[in-house]
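Letter by letter, the chains look like this.
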Amino acid sequence: MSYQHTLSIIKPDATRRNLTGAINAKLEAAGLTIIAQKRLHISKIHAQKFYQVHMSQPFYDELCEFMSSAPIVVQVLAGENAVAVNRDVMGATNPADAQPGTIRAEFALSIGENSVHGSDADDTAIQEIAFFFSEIELVG
Ligand code: CMP
């Protein structure tokens, strides 16, 4: 067990449907603490930079277009094993494969419009948090 921070993003399909509170309730019920949160409308260029690891994927342009299409809510979640706990509560990337009760099983519309993003490892979390937040904004 280790205390971690992880980056979470509530995506445009969820903000459009006013699901921020419902998603936050699931995160908190899973034992995660939201120690930073802000609502942003990012440009496509910022989305391309954030998702540059997926640059060679066929869905990259669609993904960046979608992430810049409406507001997102970026968050830092904290807790014991926060990276894995958040991935468990999010559910599988494709909502068709997500376990019942997970965020994506309940709210995601498709593999692209899948309501939330979460860091996939501790080192990725550090990089992704630094992309959106400065240290003074993390209020743990
Ligand atoms: P996320 O956790 O934000 O990380 C990368 C995103 O790419 C992923 O969630 C999906 O929303 C998206 N993605 C992955 N595979 C596909 C796909 N086959 N088609 C469209 N989008 C995808």
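Our subject is the structure that appears above.
About the thresholds
Residues numbered from 1 in each chain as written. Predicted model: local features only at pLDDT ≥ 70, side-chain atom pairs only at ≥ 80, totals over all residues. Heavy atoms only, no water. Near = heavy atom within 4 Å. Polar contact = N/O pair within 3.5 Å; in protein donor to acceptor, adjacent residues only side chain to side chain. Areas by Shrake-Rupley, 256 points an atom, 1.4 Å probe, with all protein chains shown as cover. Nonpolar A, V, L, I, M, F, W, Y, C, P; charged D, E, K, R; others polar. Pairing = 2+ DSSP bridges. Helix = DSSP H or I, 4+ residues; strand = E, 2+ residues; numbered from the N terminus. Axes fitted to C-alpha atoms, helices over the stretch in contact; angles between N-to-C directions. Contact = heavy atoms within 4.5 Å. Phe/Tyr/Trp six-rings, centres within 6.5 Å; stacked < 30°, edge-to-face > 60°. Buried < 20%, exposed > 50% of the residue type's maximum accessible area, 1.4 Å probe, protein only. Lys NZ or Arg CZ within 6 Å of the ring centre and 35° of its normal. Salt bridge = Lys/Arg side-chain N within 4 Å of Asp/Glu carboxyl O. Arc of directions from axis to C-beta.

K.L.:
Help me understand the site of the ligand, please; the structure alone is not making it clear to me.
P.N.:
In the region of the ligand, the neighbouring residues are Lys11, Tyr51, His54, Phe59, Leu63, Thr93, Arg104, Ile111, Gly112, Asn114 and His117. At a separation of 2.7 Å, an oxygen atom of the ligand approaches a polar side-chain atom of Lys11. In the model, an oxygen atom of the ligand is placed 2.6 Å from a nitrogen or oxygen of the Tyr51 side chain. Protein contacts shield 79% of the accessible area of the ligand, which totals 460 Å² for the unbound molecule. Its residues placed into classes, the shell around the ligand shows four nonpolar, five polar and two charged.

K.L.:
Sorry if this is basic, but what is going on with the sheet that holds strand S4 (residues 116-118) here?
P.N.:
Adjacent strands of a sheet pair through backbone hydrogen bonds, lying either parallel or antiparallel. Reading across the sheet, the four strands line up as S2-S3-S1-S4 and stay open at both edges, with antiparallel pairing between neighbours. One side of each edge strand has no neighbouring strand; the edge strands of this open sheet are strand S2 (33-40) and S4. In this sheet, neighbouring strand axes are inclined to one another by 20 degrees on average, regardless of whether the strands run parallel or antiparallel. Packing against the sheet, helix H5 (residues 82-90) makes contact with strand S1 (3-10), strand S3 (72-80) and S4, and its axis sits at approximately 35 degrees to S1. The sheet contacts of helix H7 (residues 122-132) involve S1, S2, S3 and S4, and relative to S1 the element is tilted by about 55 degrees.

K.L.:
In this structure, what is going on with the packing of aromatic side chains? I would like to understand it.
P.N.:
Aromatic ring pairs are reported here in terms of the distance separating the ring centres and the angle at which the planes meet. Inspection of the entire model under this criterion finds four aromatic pairs. When the ring of Phe50 is compared with that of Tyr51, the centres are 5.0 Å apart and the planes differ by 85 degrees; the resulting orientation is edge-to-face. Judged by relative accessible area, which is 11%, Phe50 ranks as buried. Overall, Tyr51 belongs to the buried group, its relative accessible area being 5%. With a centroid separation of 5.3 Å and an interplanar angle of 45 degrees, the aromatic rings of Phe50 and Phe132 are classed as tilted. In this pair, Phe50 sits in helix H3 (residues 44-50) while Phe132 sits in helix H7, placing the two residues 82 residues apart along the sequence. Clustering of aromatic rings is evident, with ring pairs tying together Phe50, Tyr51, Phe131 and Phe132. Lying over the aromatic face of Phe133, Lys38 brings its terminal NZ or CZ to 4.6 Å of the ring centre.

K.L.:
Help me out: how do you make sense of the pattern of salt bridges in this one?
P.N.:
Once the charged atoms of two side chains with opposite charge are near each other, the side chains can pair. Here the structure, examined in full by the defined rule, presents five salt bridges. Here Lys26 makes a salt bridge to Glu106, at a shortest N to O gap of 3.2 Å. With Lys26 in helix H2 (residues 20-29) and Glu106 in helix H6 (residues 103-107), the pair connects residues that are 80 residues apart, well separated along the chain. Bridged by salt links that share partners, the residues Lys44, Asp61 and Glu65 form one connected network.

K.L.:
In this structure, what is going on with H7? I would like to understand it.
P.N.:
A turn of α-helix holds 3.6 residues, and therefore any two residues three or four places apart point the same way. Every buried residue of H7 is listed here: Ala125, Glu128, Ile129 and Phe132. Considered in projection along H7, the buried side chains sweep an arc of 100 degrees and stay on one side of the axis. Residues of H7 that are exposed and point more than 90 degrees away from the buried face comprise Ile126, Gln127 and Ala130. Contacts from the buried residues of H7 go to S1, S2, H3, S3, H5 and S4.

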